[in-house]
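A look at the structure
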Amino acid sequence: MTVRVRVIPCLDVADGRVVKGVNFVDLKDAGDPVEQAQAYDAAGADELCFLDISATHEGRGTLLDMVRRTAKVCFMPLTVGGGVASVEDARALLLAGADKIAVNSAAVKRPELVAEIAERMGSQCVVASVDARLTPSGRWEIYTHGGRQATGIDALEYARRVAGLGAGELLVTSMDGDGTKAGYDLALTRAIADSVSIPVIASGGVGTLEHLVEGVTRGGASAVLAASIFHFGQHTVADAHDALRKAGLPVRD
Amino acid sequence: MANTVALIDYGAGNLHSVENALLAVGADVVVTADPRDVAAASRIVLPGVGSFKACMDGLSAIGGMSETLETRVFKDAVPFLGICVGMQLMAQAGLEHGTHKGLGWVEGSVAAMTASADVKVPHMGWNSVTPTGPGSLVEAGQAYFLHSYAFEPVQSASSVRAVTDHGGPVVAAIQEGTALGVQFHPEKSQRYGLDLLSRFLEWKP
């Protein structure tokens, strides 16, 4: 069998606390990212993603501590993103125990950041975020600041550019779909997956298990990321694996 | 220093993840850049992520480290585990941006994997580990892989212990004497990986 489709729960964290997380009933502290990460580790998540939305400088220090504590007890790959602006930021997170670093606005502003991190720490640790919206003209445009700020940059061109600069993976999020539970933007995911040779993670808009399946079968993604369907107890990681398996896709036993 | 595991600190990004996993399975870990610690330890672990050249340069920058490793593994028969690029360094050469010399313990070189429509590179995610024969420390299961370069043995190489599949067979584990190398990340492979590390701590090759 070939490499498995990855199911990646994503936790939004701010100032060291989970802002949007899972409602596992047996957690003593549902706001503790380490407890949440351990619960997902036990549930068989294929990877875990922390997106830091801390607005403050203090929040960054807390993030490093959180990653360090998580890495001590979770033995699965951890991607950390949000506010990474320099090689030093990336290096600090990797040394704290992150396996991959997602770069976002800073790479949109200065795509060379992708190359700098890849040259120093390897392509395998650089995840480039592609946050896009569909424009009236039918193309996709890169947005920053949580989907509020347009950049005028074509999403497909950007995806190819950061892949060429050494990104190891692309995290493709439809800012139109994010939070809608209407499913991934499959056309966007497919267009990007077909134009790069690195893996693509589909993100933004998952409301059902079928959406996860479509992300792979129609979107061409190598991995599927979701937040709320897991956090609110609607589905488990095992449900997600079952749905993918029933669709004939390779998943972990 | 009896029963200690020397975890070699030469700037590899996954050093602490490997340390965490070894501690979780009860190892007595010495994180060290000192060949004397390596000479005294009863087991050795070499981590590694990123580029072959950067890792080999980092290892070579520590005076006497390569020589000490070779003595411990091939003269004293001390169990050794190389992880990801730590495994790749066991090869004769790495072919990433030019040709770079490796430790030369295993016949073969490390070359770029080829991407195609169905085969994305880096090879990233959980994949099967299939032992090539009985009696290996590496058992059948699924482990987490994260690499763009792979070990290619010379023809008729007997060093390959396990393979995986990514657009064709890809070497997942090699062994020469008491030196075992795994391409995947046991420290990120949940139960499967921790079990392998446990067996490594008990291993009497």
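Going by the structure above, here's the rest.
So, here's what we can say about the structure. In this text, all values refer to a predicted model and were calculated from it rather than measured experimentally. (Residues numbered from 1 in each chain as written. Chains lettered and ligands numbered in written order. Predicted model: local features only at pLDDT ≥ 70, side-chain atom pairs only at ≥ 80, totals over all residues. Heavy atoms only, no water.)

What follows concerns the pattern of salt bridges. The tally for this structure, following the rule as stated, stands at 20 salt bridges over all chains. Put simply, Glu47 of chain A and Lys100 of chain A hold a salt bridge, and the shortest N to O gap is 3.0 Å. Separated by 53 residues along the polypeptide, Glu47 of chain A in the loop between helix H1 (33-42) and strand E3 (48-52) and Lys100 of chain A in strand E5 (residues 100-103) bring together distant segments of the chain. The shortest N-O distance in the salt bridge between Asp34 of chain B and Arg36 of chain B comes to 2.9 Å. When its relative accessible area of 23% is taken as the criterion, Asp34 of chain B is described as partly exposed. (Salt bridge = Lys/Arg side-chain N within 4 Å of Asp/Glu carboxyl O. Helix = DSSP H or I, 4+ residues; strand = E, 2+ residues; numbered from the N terminus. Buried < 20%, exposed > 50% of the residue type's maximum accessible area, 1.4 Å probe, protein only.)

What follows deals with the packing of helix H6 (residues 155-164) of chain A against helix H7 (residues 186-195) of chain A. What describes two packed helices is the angle between their axes and the distance between those same axes. All names here are of chain A. Packing of H6 against H7 leaves a shortest axis separation of 10 Å and a crossing angle of 35°. Read as a crossing pair, H6 and H7 show a hand that is right-handed. From H6, Ala155, Leu156, Ala159 and Arg160 reach across to H7, where they touch Ala191, Ile192 and Ser195. Partitioning the contact of H6 with H7 into residue classes produces 5 nonpolar, 1 polar and 1 charged. (Axes fitted to C-alpha atoms, helices over the stretch in contact; angles between N-to-C directions. Left-handed = near helix turned anticlockwise from the far one by under 90°. Contact = heavy atoms within 4.5 Å. Nonpolar A, V, L, I, M, F, W, Y, C, P; charged D, E, K, R; others polar.)

Attention shifts here to helix H1 (residues 15-24) of chain B. Residues and elements named next belong to chain B. Within H1, 7 of the 10 residues are buried, which leaves it mostly tucked inside the rest of the structure. Of the residues making up H1, those classed as buried are Leu15, Ser17, Val18, Glu19, Asn20, Ala21 and Leu22. Just past H1, the residue Gly26 takes up positive phi, approximately 90°.

Once that is clear, we can look at the layout of surface pockets. Approximately 610 Å³ is the volume attributed to the second largest pocket. Lining of the second largest pocket is provided by 31 residues; of these, Ser123 of chain A together with Glu96, His97, Ser148 and Tyr149 of chain B occupy positions nearest its centre. Where the lining of the second largest pocket is concerned, the elements lending two or more residues are helix H5 (112-121) and H6 of chain A together with helix H3 (52-60), helix H5 (85-88) and strand E9 (141-147) of chain B. Along the lines of polarity and charge, the residues of the lining of the second largest pocket split into 14 nonpolar, 14 polar and 3 charged. (1 Å grid on protein atoms, 1.4 Å probe; cavity = no way out; pocket = protein on both sides within 12 Å on 5 of 7 lines; lining within 4 Å. Points joined across faces, edges and corners; volume = space filled by probe spheres on them.)

With that settled, consider the interface of chain B and chain A. Interfaces are often sized by the amount of accessible area the parts lose when they come together. Across the boundary between the two partners, chain B contributes 29 residues, which contact 35 residues of chain A. Counting every contact that joins chain B to chain A gives 1 salt bridge. Connecting chain B to chain A are 17 residue pairs in polar contact (both at pLDDT 80 or more). Within the residue set of the side of chain B that touches chain A, elements represented by two or more residues are H1, strand E8 (123-131), E9 and helix H6 (190-202) of chain B. The class makeup of the residues in the side of chain B that touches chain A is 12 nonpolar, 13 polar and 4 charged. (Polar contact = N/O pair within 3.5 Å; in protein donor to acceptor, adjacent residues only side chain to side chain.)

All names here are of chain B. The element E9 is extensively covered by neighbouring structure, given that 6 of its 7 residues are classed as buried. Here 7 bridges tie E8 to E9, and the two strands are oriented antiparallel to one another. If you follow Val129 over to E9, its bridge partner there is Gly141. (Pairing = 2+ DSSP bridges.)

One pair of aromatic rings is described through two measures. These are the centre distance and the angle between the planes. The full count for this structure, using the stated rule, is 7 aromatic pairs over all chains. Ring centres 5.2 Å apart and planes at 80° place the aromatic pair Phe74 of chain B and Trp105 of chain B in the edge-to-face group. Remark: Trp105 of chain B occurs in the loop between strand E6 (100-101) and strand E7 (106-112) and Phe74 of chain B occurs in helix H4 (residues 65-74); sequence separation between them is 31 residues. Relative to Tyr144 of chain B, the ring of Trp126 of chain B lies with its centre 5.9 Å away and its plane at 80°, an arrangement referred to as edge-to-face. Within this pair, whereas Trp126 of chain B is found in strand E8, its partner Tyr144 of chain B is found in strand E9, the two being separated by 18 residues in sequence. For Trp126 of chain B, a relative accessible area of 1% translates into the label buried. We classify Tyr144 of chain B as buried; its relative accessible area is 1%. The structure contains a cluster of three or more aromatic residues connected by ring pairs, namely Phe74, Phe80 and Trp105 of chain B. The positively charged end of Arg133 of chain A is found above the aromatic ring belonging to Tyr143 of chain A, 5.2 Å away from the centroid. (Phe/Tyr/Trp six-rings, centres within 6.5 Å; stacked < 30°, edge-to-face > 60°. Lys NZ or Arg CZ within 6 Å of the ring centre and 35° of its normal.)

Below, the discussion takes up unusual backbone geometry. For the peptide bond that leads from Val121 of chain B to Pro122 of chain B, omega is 10°, which places it in the cis range. Position of Pro122 of chain B among the secondary structure elements: in the loop between E7 and E8. The backbone of Lys181 of chain A sits at a positive phi, close to 60°, despite the residue not being glycine. Residue placement: Lys181 of chain A occurs in the loop between strand E9 (169-174) and H7. Residue class for Lys181 of chain A comes out partly exposed when judged on its relative accessible area of 41%. Backbone geometry places Gln190 of chain B, a non-glycine residue, at a positive phi of 45°. Tracing the chain through its elements places Gln190 of chain B in helix H6.

Note that all results are geometric; they support no functional claim without further evidence.
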